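Structural characterization, general
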Amino acid sequence: MKAKVGIVRFLGTNCDRDVYQAVADIDLRPEWLWFEDQFDPKEFSGFILPGGFSYGDYLRCGALAAKAPVMKSIHEAAGKGYPVLGICNGFQILCEAGLLPGALVRNEKRKFIDRWVELKPETQTKWSSKARAVIRLPIAHGEGRYYAEEADLQKLWDGDQVWMTYRENPNGSLQNIAGVTNKNKNVCGLMPHPERAMHEWMGGSDGRVIMESLLG
Amino acid sequence: MMSELDAKLKKYRLSRDEYRRMEELLGRAPQGVEWALFSALWSEHCSYKSSKVHLRKFAFKSPRVLQSMGENAGVIDLGQGEKVAFKMESHNHPSFIEPYQGAATGVGGILRDIFTMGARPIALANYLCFGEPSAPRMSALVDGVVAGIAGYGNCVGVPTITGQTEFHSSYNNNILVNALAVGLFAGDDPVVTSQAKGSGNLVVYVGAKTGRDGVHGASMASESFDEDSESKRPTVQIGDPFYEKLLIESCLEVMKRDLVVAIQDMGAAGLTSSSFEMAAKGGVGFRIHLDRVPLRDSTVGPEEILLSESQERMLLICEPSKFDAVKEVFHHWGLDAQALGEVWDGPEIELYWRGDLICKIDPRLLTDNAPVYERPYHPWTPKNKKAKLSAPELNLPEILSSIEGTSRRWIYEQYDQRVGAKTVRDCEDSVAVVRLPSGRGLGLVLGARPHVMRVDAQIGGYDAAFYPALELAAKGFQPLALTDCLNFGNPEKPEIMSEFVAAVEALAKASKTLDAPVISGNVSFYNETMGQNITSTPATGMVGLRDEVLKIPRSHFTIAGDNVYLLRLPGVELLGDQMGRSQGFTGDLDVNKVTQFIATVKDLALTDSVHATRVCGKFGLAYALYRMCTDTLGVNVGSDMDWTKEKLYEVIFVGTDALEGSLQKAASTIGAECLKLGSVQEKTFVLGKRSFDLAQLHQSYRNGWRMHFGQLA
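Residues numbered from 1 in each chain as written. Chains lettered and ligands numbered in written order. Predicted model: local features only at pLDDT ≥ 70, side-chain atom pairs only at ≥ 80, totals over all residues.

1. Topic: the overall build of chain A
Within chain A one finds five helices and 11 strands. Taking the principal axes of its C-alpha atoms as reference, chain A extends roughly 45 × 40 × 30 Å. Split into buried and exposed, the 216 residues of chain A put 55% on the buried side. Considering only contacts within chain A whose residues lie at least 6 apart along the sequence, 76% involve residues at least 24 apart. (Helix = DSSP H or I, 4+ residues; strand = E, 2+ residues; numbered from the N terminus. Buried ≥ 20, exposed ≤ 12 C-beta atoms within 10 Å, placed from the backbone. Contact = placed C-beta atoms within 7 Å.)

Here is the structure:
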């Protein structure tokens, strides 16, 4: 039996089907988790919060989704050490939910940016056991500038919680941060989209490095 | 002094002749909300009254076409169980008045036209024409339109994969914003139509609540701008892409589960056009209780309810036994479904307001009996045909930094080009490509080049089909079908109508010769401000098909040492000029020869020895060669050529030595020329006797945008 991967859908999530396909592409079993429901983490090998515009980004990106019933189960899964990955809006939601440190704010130039970027993995996490020196993924966000107070940034580096940095900063992220992880390295957030880089025909397949970490 | 009747006609934007026609059809004078109904459905925007007689020229039978004009969007069969719906529509007037919301709701509207057929939207594209960067409000218009398209498309989760952006003084006071959407039917997804059926079935309203926004929008879009256009701001609608995303998911679900009989979006003229068109198409009547329409504001009255263009609303017909299931699906997605009334044998539509019958009218009087005008026009005679042309000087840095020639990256970086995870080639490429579930590639290109239209409307009309077909062919795609958005000035002026007829006839002929039918589209007349007409712009979007997506030729040089060839069809030559100098052309366009040329280019592009291709377009050969350069690779062309003349048509092929034989052979078969230009070399850009610094050219091309729009972030 293939391992199940839970994919969380909120109203307005729009990368859900792409992540579903990416999970199927690495031969795992994707399963929808609806924002109104709760679940037992035991049935799953990992969880992904896909990108999009949950609740139309009203109030603040991710703020409303972070309060949805499904997040109670995500908190539980995170606490028990299950791999949890937030991509783009999913990263914003994990920050709003307090599962990851810092915040994502409006890009420095106030414009949405769609572009391929090069990333440097800074540490090993449950989502990058096979990571290489450099990986190339696309970004697509208007509010992806990583922000935290200076003292907190220092704590991140000291605690080995900076997961990925941009080699060339596209959005004004502090200290080029593109992704962070929690202290246990099981909860990760990333602004770039690994599910959009799964095959050569997409323009690159480095996203597999991240998705395939679920295979153990 | 204006009579009471004249004042009423002015308010409802109807003519005296149209009033007489209304009286004749009704057998009495129109009364109450009937005025509003006629105003909306007889507007140019809804009735196509000035264009209908000419649009019939697009019709021809093709086994590939499953749905064509008359439905919300055209649908073609791609074989292997895959079908696509696509359509292009204008949102010019609203975008000039309020650029962000005008452009955003243009995207929202075209998406609804697609998913109302049962297809999941998989790609967006936009065709934009702006005025000179220095024209009043122009940088704010550019900023607002692009942000509006990005804001809506990105949020709703449909990638914007290609576009075309033009700048010319004729658009200074009347910009063009045309949006195209493509939707995919996969597996056994049904094609759903808007034909209402079944006495006793329910008429159901779903989506956002109705407000006053957009009241009279359709008739507003059907007249010219004057000094007063600022005051039209309240007629522009406000979009909510989050709501649209929920509508897409819920509507697709009810269609897939076969819970609805028919469905249509409430677009121009809102509830009026959707209900009247659905009833008329099915030959049935409706009983509609207007007071059951969900309102944003309880003071909105029946006439406003009928005409409101509030966004993100759909009207559907369902069997009473399935209504609970329909409601459940919409509730799941956080939306309401409200029954407004029912279908009956009719044929009249009865409108009720708080229990009182306020209108009873046969919908066909409004839809099928709208006036049809044969606006006067002249047979086409080319005015700018010359015996001989002299080519302008080659000033490459100037061309590359001009607003016509510079990079559009500032625009397309704001669009999510990859959501959906199907994008193979994006806005950076000359042909956008999405991968179909079968593994095949669907190519998408926009066409119509205003600078060609300014030279000659007939050649421009041919070109609106041939140019995108050639772009597709150069990447190995078989051109399949077209959608169009015919943007013209005031059709009551014979010179404008003459351009319209010439362009439509040429486009129809080219599409027929290519066997790529026009399956959907719209007409936008009255693109005129204070007497000045825009460049007639018959924008097109064309789709093509290719068996696989890994070997598509690149649009830039890939390997040093590759050979560079030019395949050229002798025929029309344009002055290689778009920067405001005199215009003209020589030669004749032979549609059969061009079609044969396109077929040959397609076959050649599928050979393994081809690494890159590019169609030469605006500014001629030198510009096209520059556009193939990368940071490290350029080209060395040995002898001098006509660097700035634009020829219809020519294609650059780049590849190995093995390519030369097949190019020469193909050229001699179809009477084309094949020239070996030179070879790909590192950090070199040599055109005959002239040598350029590639890094400096890149600087001109990449910084040009900022020179013209420095104030934009």
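2. Here's the deal with the overall build of chain B
Of the regular secondary structure elements, chain B holds 23 helices and 29 strands. Whereas a compact globule of 713 residues would reach a radius of gyration of roughly 27 Å, chain B reaches 26 Å, a difference of no more than 12%. For chain B, the spread of C-alpha atoms along the three principal axes comes to 85 × 60 × 45 Å. Counting only residues that meet the buried cut, chain B has 60% of its 713 residues in that class. Across chain B, the fraction of contacts at a sequence separation of at least 24, relative to all contacts at a separation of at least 6, is 84%. (Rg over C-alpha atoms; globule rule 2.2 N^0.38 Å.)

3. With respect to the interface of chain B and chain A
Listed by partner, the interface residues are 25 residues for chain B and 24 residues for chain A. Contributions of two or more residues to the side of chain B that touches chain A are made by α8 (138-156) and α10 (241-256) of chain B. It is α10(B) that contributes the most residues to the side of chain B that touches chain A, four residues altogether. Taken together, the residues of the side of chain B that touches chain A break down into 13 nonpolar, six polar and six charged. (Nonpolar A, V, L, I, M, F, W, Y, C, P; charged D, E, K, R; others polar.)

4. Digging into the sheet that holds strand β5 (residues 160-167) of chain B
Residue and element names in this part refer to chain B. Ordered by their spatial adjacency, six strands build an open sheet running β1-β2-β3-β6-β4-β5, and the pairing between neighbours is mixed. The strands lining the two open edges of the sheet, one partner per strand, are β1 (65-67) and β5. Ignoring strand direction, the axes of neighbouring strands in this sheet form an average angle of 20°. Across five bridges, strand β2 (residues 74-79) lies against strand β3 (residues 82-90) in antiparallel orientation. Within β3, the position partnered with I76 by the bridge is V84. (Pairing = 2+ DSSP bridges. Axes fitted to C-alpha atoms, helices over the stretch in contact; angles between N-to-C directions.)

5. Focus on the pairing of strand β16 (residues 441-447) of chain B
Residues and elements named next belong to chain B. A large share of β16 lies buried, amounting to seven of its seven residues. Burial along β16 is two-sided: G441, G443, V445 and G447 and L442, L444 and L446, pointing in opposite directions, are all buried. Note that strand β15 (residues 432-435) and β16 share four bridges and pair antiparallel. Residue R435 lies in a different strand from β16, and its bridge partner there is G441. Between the antiparallel neighbours β15 and β16 lie five residues, among them G439 with a positive phi of about 95°. In the sheet, β16 pairs with strand β21 (residues 537-546) via seven bridges, with the strands oriented antiparallel. Bridge assignment links L442 to a residue of β21, and that residue is L545.

6. Section: helix α1 (residues 4-11) of chain B
With zero of eight residues buried, α1(B) is to be regarded as a mostly surface element. Once α1(B) ends, the next one or two residues include B:R13, with phi positive near 50°.

7. Topic: the packing of helix α7 (residues 99-115) of chain B against α10(B)
Residues and elements named next belong to chain B. Contact pair α7 / α10: the axes reach a minimum separation of 11 Å and the direction vectors enclose 5°. By the criterion of interaxial angle, the relationship of α7 to α10 is roughly parallel. Taking contact as the criterion, the partners of G108, L111 and F115 in α7 are, on α10, P241, E244, I248, C251 and L252. Of the residues contributing to the contact of α7 with α10, the split by class is six nonpolar, one polar and one charged. (Parallel < 35°, antiparallel > 145°, perpendicular 65-115°, else oblique.)

8. Quick look at the sheet that holds strand β2 (residues 29-34) of chain A
Residues and elements named next belong to chain A. Pairing is mixed across the open sheet formed by nine strands, whose spatial order is β2-β1-β3-β4-β11-β10-β9-β6-β7. Two strands bound the open sheet, and with one partner strand each, they are β2 and β7 (135-141). Going from strand to strand, the sheet's axes swing by 25° on average, the running direction of each strand aside. Pairing between strand β10 (residues 177-181) and strand β11 (residues 187-190): three bridges, direction antiparallel.

9. Quick look at the confidence of the model for chain B
Taken over all residues, the pLDDT of chain B has a mean of 92, while the share at 70 or more is 96%. The complex prediction reports pTM at 0.95, with the ipTM value standing at 0.97. (pLDDT = per-residue confidence, 0-100.)

10. Brief notes about the nonpolar core
All names here are of chain B. Residues V260, I317 and L470 are the most contacted members of the largest nonpolar core, which totals 298 residues. Here the element with the most residues in this core is helix α19 (residues 494-514); it accounts for 12 residues. Aside from chain neighbours lying at most four places away, what touches L470 is I598, V601, V615, Y649 and V651. (Core = buried A, V, L, I, M, F, W, Y, C linked by C-beta atoms within 7 Å.)

11. With respect to the environment of B:V329
Residue and element names in this part refer to chain B. Its place among the elements puts V329 in helix α13 (residues 323-332). Looking at V329, the number of C-beta atoms within 10 Å reads 20, which means it is buried. Remark: the alpha-carbon pair of V329 and S250, spanning 79 residues in sequence, is separated by 6.1 Å.

12. A word on the environment of A:Q124
Residues and elements named next belong to chain A. Checked against the element boundaries, Q124 lands in the loop between β6 (113-121) and β7. Residue classification places Q124 among the partly exposed positions, given that 15 C-beta atoms sit within 10 Å. The sequence separation of Q124 and T181 amounts to 57 residues, and the corresponding C-alpha distance is 9.6 Å.

13. Side note on the packing of helix α18 (residues 457-473) of chain B against α19(B)
All names here are of chain B. One can describe the packing of α18 onto α19 by two numbers: an axis separation of 7 Å at closest approach and a directional angle of 35°. You can see that α18 and α19 cross each other, and the crossing is right-handed. Across the interface between the two elements, A457, Q458, G460, G461, Y462, A464, A465, F466 and A469 from α18 touch E499, A502, A503, V504, E505, A506, L507, A510, S511 and L514 from α19. Looking at the contact of α18 with α19 residue by residue, the class counts come to 13 nonpolar, four polar and two charged. (Left-handed = near helix turned anticlockwise from the far one by under 90°.)

14. Some words on the environment of A:R167
All names here are of chain A. Along the chain, R167 turns up in the loop between β9 (162-166) and β10. Linking R167 and K120, residues 47 residues apart in sequence, is a C-alpha distance of 6.5 Å. Not counting residues within four places of it along the chain, the set of residues in contact with R167 comprises E118, L119, K120 and V134.

15. Remarks on the pairing of strand β9 (residues 285-289) of chain B
Residues and elements named next belong to chain B. Taken together, the four bridges between β9 and strand β11 (residues 337-344) define a ladder with antiparallel strand orientation. Along β11, the bridge assignment pairs R287 with E342. Examined bridge by bridge, β9 and strand β12 (residues 349-353) share three bridges and lie parallel to one another. Bridging from a neighbouring strand, R287 pairs with E350 of β12.

16. Some thoughts on unusual backbone geometry
Residues and elements named next belong to chain B. A cis amide bond links G346 to the next residue, P347, at an omega of 10°. Considering the arrangement of structural elements, one finds P347 in the loop between β11 and β12. Along the chain, L648 connects to Y649 via a cis peptide bond; the corresponding omega equals 10°. With respect to the helices and strands, the residue Y649 is situated in strand β26 (residues 646-655). Phi angles above zero are rare outside glycine, and A421 is one such case at about 50°. Its place among the elements puts A421 in the loop between α16 (409-412) and β14 (423-425).

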